[in-house]
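One-letter residues, chain by chain:
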Amino acid sequence: MRRRIIQSIPLIIALLGIAFLYFSRWCTETVPVCYGSWIDHIYFYFTQPLYFFALYSLPLAIILIFVSRPIFNSWLKLAAWMIPLGVIYTAMTPVNFTGIGIDLFPFYRDDAARLSAEALTTVSLVLIIWKYFKARHSSTAT
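Cut-offs and rules
- Residues numbered from 1 in each chain as written.
- Predicted model: local features only at pLDDT ≥ 70, side-chain atom pairs only at ≥ 80, totals over all residues.
- Heavy atoms only, no water.
- Phe/Tyr/Trp six-rings, centres within 6.5 Å; stacked < 30°, edge-to-face > 60°.
- Helix = DSSP H or I, 4+ residues; strand = E, 2+ residues; numbered from the N terminus.
- Buried < 20%, exposed > 50% of the residue type's maximum accessible area, 1.4 Å probe, protein only.
- Core = buried A, V, L, I, M, F, W, Y, C linked by side-chain atoms within 4.5 Å.
- pLDDT = per-residue confidence, 0-100.

### Some points on the packing of aromatic side chains
Move 1: Counted by the stated rule, this structure contains 7 aromatic pairs.
Move 2: Both rings, one in Y22 and one in Y51, keep their centres 6.0 Å apart while their planes meet at 85°; by these two values the pair is edge-to-face. Here Y22 is found in helix α2 (residues 9–30), whereas its partner Y51 is found in helix α4 (residues 43–56), with 29 residues between them in sequence.
Move 3: Y22 sits in the partly exposed class, given a relative accessible area of 45%.

Following this line, the structure appears as structure tokens:
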């Protein structure tokens, strides 16, 4: 039981990231105090990229609940360096078009958050499948 609770932490974090976007929209649209506050100012810088990262990593977070503990620990080792790299990559991407020159290849912070979440999910699923078949093969060999 405790294993499932610990392994559901990524799902809880992803759901909180998704819920924060809806909360910030609700707050800025309905509560006059929130309009122009820090919640309104961080929308394009932080809230929307967090939403896309959480949304695209949600299937991975659901799958992580049902994997075995050694596979989850292997994923944690991968996530310990891949998530900070994705955050740095997303933070270095421009928020929107600066207006200088022609925008031939529009690639903004939302797209970077999607791409880093897709890369994390894809590499994680490959790792999970590989570890699953490796553990299954080693248990049938003995």
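Resuming the write-up.
### Some remarks on the nonpolar core
Move 1: If you look at the biggest cluster of nonpolar residues, it comprises 26 residues, and the most contacted ones within it are L60, L64, V67, W75 and I128.
Move 2: For this core, the secondary structure elements donating two or more residues are α2, α4, α5 (58–66), α6 (69–92) and α7 (109–141).
Move 3: Here the element with the most residues in this core is α6; it accounts for 6 residues.

### Thoughts on the confidence of the model for the protein chain
Move 1: Of the residues in the protein chain, 92% have a pLDDT of 70 or more, and the chain-wide mean is 87.
Move 2: Mean pLDDT values over the elements of the protein chain span from 76, in helix α3 (residues 38–41), up to 94, in α5.

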